[in-house]
Structures are given as structure tokens and as C-alpha cells.
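Descriptive analysis of the structure
Chain by chain, the residues:
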Amino acid sequence: MTDLRKVTRALISVSDKTGLADFARALAGHGVELVSTGGTAKAIADAGLKVIDVAQLTGFPEMMDGRVKTLHPKVHGGLLAIRDNTEHAAAMTAHGIKPIDLLVVNLYPFEATVAKGAAYDDCIENIDIGGPAMIRAAAKNHGDVAVVVEPNDYAAVLAELTQHGGATTLALRKKLAAKAYARTAAYDAAISNWFANELSDTAPEFRAFGGKLAEALRYGENPHQSAAFYRAPEQRFGVSTARQVQGKQLSYNNINDTDAAYECIAEFVQAVHS
């Protein structure tokens, strides 16, 4: 049995619209039906492409300031149904659910909202609910569904569609699923840590840490070990927010030593002279 899965329908809902029009146009060129939400649907339509609003799919309008729009069986059924499972197929037929073979979602910019010092209520409104739910559903069903969580992966998806006649491979779907779960984990870590900070809770019962890859390092503490440098969303002055001006790629020990030196100096308070 082939591991190729034809992409016939894509659901796209993105806050970061980098490359969106070109990507949507390329999908349409492969005969993919486009379903979208809110501002994303408008951007796709403005690019001259046919797009189905998710409200047409679900039969319900977006409501509660956009808080409720994709939390519906016709969305999650289309993402979670196992295509080769006869019971799942029968349920889809009985309830008028069509498969969604590609999910493209990047989340509300919670980290960026916190980083710019936004008010409490603004931060709360930038906690995405429907996005993570869809991402996790698609990633769970990666045997049939491809999930994309950032524009950097558009090219890889399009390359496979071109190479395989509009289909994706299981290898790519697994890779995308792993990245999807890592993204939602880092996102939830940022939210939980922000809440802990708001509550001045220095020792919450559960503590999660997440970050985005800054760079893969030459090696770890020793030459035979591997290492990578990740940045947390907090914009705290230090090595993670510094910019390397020149020199070769840093190693684990370079970063550790530089961080120790910075933290040592940061212990001192500048003397005020009269």
C-alpha cells in the first residue's frame, strides 16, 4: 500500500500571511479546494483565488469575536477521519463531512503580544484555541493529513505535490506532525509561564519550557556530543537576545561561558557619582 496521500482540500487559517498568496495560488494550481477563515479568506480572495469560507463548511457564522469558528465536527471530522477506516468513512457520509487533507495554521501571536508589553486583556485575546485544536487533530492523523505551522514549510509541501502528482509522502507528514506538536507545546509553555509571572508564582506545580531553534551548534560540551541553541520567547537581555557580529559559529561552551560572564557582570549595580 502506498504512503502517498492526495491533497484535494486544504484548510488555511494564518496570522502570519508571509507567502500566503503564492502558496494558495500554487495549491489551487494542483486542483486543491481552498477553505479558510476571516482575514485569511479575504487575503486569498483578494489574490483572485476561489475560497470557501469556513462558515459555509460548518453552517455556523464566526461568533463571539472570532473565538468560535472552527470548533465543529465538519472541521475536526474532516481532519481526524482515518480514510481507510470503513466506520469513519460511513460517519463522514452520514454527516456530510468532507476530508481535509492539508491544514495550514499558524497561531495567534501570543508571544509577540507579550513581548511588546501589551495589556492583560490583549494577551488573553491572543491565546489561540481553535488553532492548536486543529493542529493537534491533523498531526494525530498524519497518516492521512499534512499539517503546516509556519511559512518556512510551504516550499517542502509544494515540492512534494509537484513530485508526486498532488500527493504528500508519509515521511513528510511525520516530520510536519512532529514540528506541529513541538510548536503547540512551546506555545502553551509561553502561556503558562506568562500566567505564572502575572500571578508572581515562582514555583508553579507544573512548569513547562519551550523555545525556537536559534542555531544548531558545532558540538556539545565535548566534541563527540551534539547540541542546539534555543531561544525562549521572553525578551530578557543576555546571550539569547545578543547579535553575533563576526567570527565563526559558536559552540555550546562558547555560549555557556559568555552567558556566565554576562550574568556575573549583571550582578553589579552601576555606581552613581556626584
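Residues numbered from 1 in each chain as written. Predicted model: local features only at pLDDT ≥ 70, side-chain atom pairs only at ≥ 80, totals over all residues. Heavy atoms only, no water.

1. Quick look at the overall build of the protein chain
The test is simple: Secondary structure elements follow DSSP: runs of H or I no shorter than four residues count as helices, runs of E no shorter than two count as strands, and numbering proceeds from the N terminus. Note on classification: 1.4 Å probe, protein chains only; a residue is buried when its accessible area is under 20% of the maximum for its type, exposed when over 50%, partly exposed between these limits. Residue contacts are counted whenever heavy atoms from the two residues lie within 4.5 Å of one another. Shrake-Rupley sampling with a 1.4 Å probe provides the accessible areas, and residues are treated as covered by the protein chains on show and by no other component. Under the counting rule used here, the positive set is Lys and Arg, the negative set is Asp and Glu, and His together with the chain ends is not counted. Lys charges are placed at NZ, Arg charges at CZ, Asp charges at CG and Glu charges at CD.
Of the regular secondary structure elements, the protein chain holds 11 helices and nine strands. The buried share of the protein chain, reckoned over its 274 residues, is 37%. Nonlocal contacts in the protein chain, meaning residues at least 24 apart in sequence, comprise 62% of its contacts between residues at least 6 apart. For the protein chain, the exposed surface amounts to about 16,000 Å²; the carbon and sulfur share of it is 56%. Measuring between centres, the 27 positive side-chain charges of the protein chain sit 7 Å from its 31 negative side-chain charges.

2. With respect to the pattern of salt bridges
Our working rule: The salt bridge criterion pairs a side-chain nitrogen of Lys or Arg with a carboxyl oxygen of Asp or Glu, the two atoms within 4 Å.
For the structure on display, the rule yields nine salt bridges. D22 is the partner of R25 in a salt bridge, and the nearest nitrogen-oxygen pair spans 3.2 Å. You can see R25 and its partner D22 sitting in helix α1 (residues 20-29), three residues apart, about one turn around the helix. The class of R25 is partly exposed, set by a relative accessible area of 38%. By relative accessible area, D22 is classed as exposed at 55%. Measuring nitrogen to oxygen at the nearest pair gives 3.3 Å for the salt bridge that ties D101 to R83. Residue D101 is located in the loop between α5 (86-95) and β5 (102-106), and its partner R83 is located in the loop between α4 (73-80) and α5; the two are separated by 18 residues in the primary sequence. A residue is classified by how much of its surface remains accessible, and D101, at 6% relative accessible area, is buried. On the basis of relative accessible area, R83 is assigned to the partly exposed category, the value being 22%. A network of salt bridges, in which partner residues are shared, links R5, D84 and D144.

3. Re the packing of α4 against helix α8 (residues 130-140)
Let me state the cut-off plainly: Lines fitted to C-alpha atoms define the axes, with helix axes restricted to the stretch in contact, and inter-axis angles between N-to-C directions lie between 0 and 180 degrees. In what follows, roughly perpendicular refers to angles from 65 to 115 degrees, roughly parallel to angles under 35, roughly antiparallel to angles over 145, and oblique to any angle outside these ranges. Asp, Glu, Lys and Arg are counted as charged, while Ala, Val, Leu, Ile, Met, Phe, Trp, Tyr, Cys and Pro are counted as nonpolar; the rest, among them Gly, fall into the polar class.
It is at 8 Å that the axes of α4 and α8 come closest, and there the two elements cross at 25°. The orientation of α4 relative to α8 falls into the category roughly parallel. Residues V75, H76, L79 and L80 of α4 form the contact with α8, whose own contacting residues are A133, M134, A137, A138 and K140. Classifying every residue of the contact of α4 with α8 gives seven nonpolar, one polar and one charged.

4. Notes on the side chain of D144
Rules: Polar contacts here mean pairs of N or O atoms no more than 3.5 Å apart (in protein, one a potential hydrogen donor and the other a potential acceptor; neighbouring residues in sequence count only if both atoms are side-chain atoms).
Mapped onto the elements, D144 comes out in the loop between α8 and β6 (146-148). A distance of 2.7 Å separates the side chain of D144 from the side chain of R5, its partner in a polar contact. A polar atom in the side chain of D144 sits 3.1 Å from the backbone nitrogen of R83. Each residue touching D144, except ones within four places of it in the same chain, is listed here: R5, A81, I82, R83, D101 and R173.

5. Here we look at the packing of aromatic side chains
Stated precisely, the cut-off is as follows: When the centres of two rings from Phe, Tyr and Trp lie within 6.5 Å, Trp using its six-membered ring, the rings pair. Their planes under 30 degrees apart give stacked, over 60 give edge-to-face, and anything left gives tilted.
Inspection of every chain in the model, using the stated rule, returns five aromatic pairs. On the basis of an interplanar angle of 70° and a centroid distance of 6.3 Å, the ring pair of F110 and Y187 is categorised as edge-to-face. Residue F110 is located in helix α6 (residues 110-115), and its partner Y187 is located in helix α10 (residues 170-198); the two are separated by 77 residues in the primary sequence. Given a relative accessible area of 0%, Y187 falls into the buried group. Of the aromatic side chains, those joined through ring pairs into one cluster are F110, Y120, Y187, W194 and F195.

6. Side note on the nonpolar core
Side chains of nonpolar character tend, in soluble globular proteins, to be buried together. The line we're drawing: Grouping buried Ala, Val, Leu, Ile, Met, Phe, Trp, Tyr and Cys residues that are joined through side-chain atoms within 4.5 Å yields what is termed a nonpolar core.
Residues I12, L27, L34, L79, L102, L103 and V147 are the most contacted members of the largest nonpolar core, which totals 52 residues. Sort the elements by how many residues they give to this core and α10 lands first, with eight residues. By size, the runner-up hydrophobic cluster in this structure holds five residues, among which are L217, A227, F229 and V239.

7. Looking at helix α2 (residues 38-46)
The line we're drawing: The reported arc concerns the directions from the helix axis to the C-beta atoms and nothing else.
Of the residues making up α2, those classed as buried are T40, A41 and I44. The buried residues of α2 occupy an angular sector of 100° when the element is viewed end-on, so they sit on one face. Exposed residues on α2 whose side chains face more than 90 degrees from its buried face are K42 and D46. Just beyond α2, the residue with positive phi is G48, at close to 85°.

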